[in-house]
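Each chain, letter by letter, is given below.
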Amino acid sequence: MANGQTQPMNPLTEKLRLRLDEDQLTNCMRCGFCLPACPTFAETGLEAESPRGRIALMKAVTDGLMAPDQAFEDQMNHCLGCRACEPACPAGVKYGQLIEQARDAIEDHKRHKPLVRAARHAAFKTVFPHQNRMKWVGRGLRFYQKSGLRAAAHATGAMKLFPKHLRDMEKILPDAAGRGVVEQIGDRHPAKGEKIATVALFRGCIMDVLFTDTNIHTVDLLTAAGFEVVIPREQNCCGALHAHSGEAEGARELARRNIQTFKAAGVDYIVSNAGGCGAILSEYDHLLHEDPQWRDDAVWFAERVVDISDLLVRFGRKLDFGRDDAAGGTEPVRITYQDSCHLRNVMRSSDAPRKLMRQVEGAQYVEMTGADRCCGSAGIYNITQPAMAGQILDHKMEHAEATQASYLLTSNPGCLLQMKHGIEEHGLSGRMEAVHIVDFLHERLNK
Ligand code: SF4
Ligand code: SF4
């Protein structure tokens, strides 16, 4: 400045400079190989809606070439966080880390309206971090579903007070069990036959409230394949929702508690049946890499995390999926699969689920066009960005319908709910059912 005074730095710029990994920003060589993999770029054709464009925006802000305005924040929020850009990148740019760092800085800077602030506080600090409170949410949901309240809410039109996308999600919520996997079957399960290894089940918070049967079926598949299964009671939420929503410290705290719990269990593997949870669990080493007290234990933990499909295919005894009293008996059935983005792009597991599906007697596996492309669920993206999520889902369901499959299988609760919603919206109910891969395999397991 001519008068020798320096301009005060925009406070968000300052936060972004502190959080964003400069090496990752400069690793991007602007080649554009990631563009065809990016769903938001495919939908809009806009450079700013691409991984390269978002990295360029982050770099421009940290270089002081632009101020982080509302348009900048919008671009960061439009990203699905699906990380399909990472396997496509020849320079190995860790885009997932960059977007989480950017969102963490934005969240730290943001002054939400009181209602939003209260909702975030309730979700991220009061409910999700506490498994016992999640159970109360499950019991409350069960009461709502079974007591006639739900029917009354629909009959009286009270549901119309909520936005359409929330009404749609409410419609397809499965019945909550009210009791989690440990309450139903206990916390230790011996292997059938000779034991191969001892594994710990990561039960998940949403999984254990809405998909408790899937957790029970996971235990059955694992024990049948030769694994002793323990389910540590003190485990809590994985922290994925926190990490993706700019609550990095909340995610780190949950990670520390999980590491302590699973280390005490002393197991060979930590098994997840939800791609979104498994991905962040497998990255606890990165999440805590700046914490000298937890760094080594975080590496111990992350090295043991594996998705159930991978564990069964790589180390388990081969299972017989030829049960003839499963739905449809031995009638041939057409099945297809929607990848969980985080299972595919972070845990790099896409072959194992397909191998298992191909082992099912009488099932004809059909690959869906764009199965590797995000379905638009992306954590809470379908709630925060309903327009883009809906557009992405429309294309997904066109491809799903073209497979003429009776079953659309997935490996993550968010994707499963999104597929159920897509089937309803596109009039495919009765012709196609969305099912977790574990439930499908379990129903066909010859025990
Ligand atoms: S994470 Fe997904 S939506 Fe975001 S930039 Fe990468 S490919 Fe695009
Ligand atoms: S592929 Fe990697 S290096 Fe190339 S533009 Fe995309 S993020 Fe940058």
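Reading the values: rules and limits
- Residues numbered from 1 in each chain as written.
- Chains lettered and ligands numbered in written order.
- Predicted model: local features only at pLDDT ≥ 70, side-chain atom pairs only at ≥ 80, totals over all residues.
- Heavy atoms only, no water.
- Near = heavy atom within 4 Å.
- Helix = DSSP H or I, 4+ residues; strand = E, 2+ residues; numbered from the N terminus.
- Nonpolar A, V, L, I, M, F, W, Y, C, P; charged D, E, K, R; others polar.
- Patch = residues over 30% accessible without salt bridge, like charges linked within 9 Å, V, L, I, M, F, W, Y side chains within 5 Å.
- Areas by Shrake-Rupley, 256 points an atom, 1.4 Å probe, with all protein chains shown as cover.
- Salt bridge = Lys/Arg side-chain N within 4 Å of Asp/Glu carboxyl O.
- Pairing = 2+ DSSP bridges.
- Axes fitted to C-alpha atoms, helices over the stretch in contact; angles between N-to-C directions.
- Phe/Tyr/Trp six-rings, centres within 6.5 Å; stacked < 30°, edge-to-face > 60°.
- Buried < 20%, exposed > 50% of the residue type's maximum accessible area, 1.4 Å probe, protein only.
- Lys NZ or Arg CZ within 6 Å of the ring centre and 35° of its normal.
- 1 Å grid on protein atoms, 1.4 Å probe; cavity = no way out; pocket = protein on both sides within 12 Å on 5 of 7 lines; lining within 4 Å.
- Points joined across faces, edges and corners; volume = space filled by probe spheres on them.
- Domains from an automatic or database assignment.

Caption draft 1: Broad picture of the site of ligand 1. Not every one of the 13 residues close to ligand 1 is listed here, only the nearest: C38, C79, C82, R83 and C85. Sorting the residues of the shell around ligand 1 by element identifies helix 3 (39–44) and helix 4 (51–62) as the ones contributing at least two each. Split by residue class, the shell around ligand 1 holds 9 nonpolar, 2 polar and 2 charged.

Caption draft 2: Expanded view of a nonpolar patch on the surface. A grouping of L161, F162, L166, I380 and I383 is seen on the molecular surface, where their side chains present a nonpolar patch of about 460 Å² in accessible area. Looking at the secondary structure, you find F162 in the loop between helix 10 (149–155) and helix 11 (164–172).

Caption draft 3: Local environment of the sheet that holds strand 7 (residues 363–365). The strand order across the open sheet built from 4 strands is 7-6-8-9, with neighbouring strands paired in parallel fashion. Strands with a single pairing partner mark the edges of an open sheet, and in this sheet they are strand 7 and strand 9 (433–436). Geometrically, the sheet is characterised by an average inter-axis angle of 35° between neighbouring strands, direction not taken into account. As paired strands, strand 6 (residues 333–337) and strand 7 are joined by 3 bridges and run parallel to one another. Residue pairing in the sheet places R334 in a bridge with Q364 of strand 7.

Caption draft 4: How the structure looks around the packing of aromatic side chains. For the coordinates displayed, the defined rule picks out 5 aromatic pairs. Pairing Y284 with F301 gives two aromatic rings, centres 4.9 Å apart and planes at 25°, and the pair type is stacked. You can see Y284 sitting in helix 18 (residues 284–287) and its partner F301 sitting in helix 19 (residues 295–304), a full 17 residues away along the chain. F301 shares its class with Y284; the two are buried. The side chain of R444 reaches across the aromatic face of Y407, ending 5.5 Å from its centre. Directly above the ring of F440 sits R444, whose terminal nitrogen or CZ lies 3.9 Å from the centroid.

Caption draft 5: Broad picture of empty space enclosed by the protein. Under the criterion given, the structure shown has 5 cavities of 30 Å³ or more. Lining the largest cavity we find 15 residues, and of these C28, C34, I55, C89 and V93 sit closest to its centre. For the lining of the largest cavity, the secondary-structure elements that each account for two or more residues are helix 4 and helix 6 (85–88). Looking at which element gives the most residues to the lining of the largest cavity, the answer is helix 4, with 3 residues. Size it by volume and the second largest cavity reaches roughly 100 Å³. Counting contributing residues per domain, the lining of the second largest cavity is built from domain 1 (11–109) and domain 2 (113–318), each supplying no fewer than three.

Caption draft 6: Structural context of the site of ligand 2. Taken together, the neighbourhood of ligand 2 is formed by C28, M29, R30, C31, G32, F33, C34, R52, I55, C89, P90 and A91. For the shell around ligand 2, the class distribution of residues is 9 nonpolar, 1 polar and 2 charged.

Caption draft 7: Examining the pairing of strand 2 (residues 197–202) more closely. Counting buried positions over the 6 residues of strand 2 gives 6, a clear majority of the element. Residue alternation in strand 2 divides its side chains into two sets, A197, V199 and L201 and T198, A200 and F202, and both sets are buried. Relative to strand 4 (residues 269–272), strand 2 is paired through 4 bridges, and the arrangement is parallel. Bridged to V199 within strand 4 is Y269.

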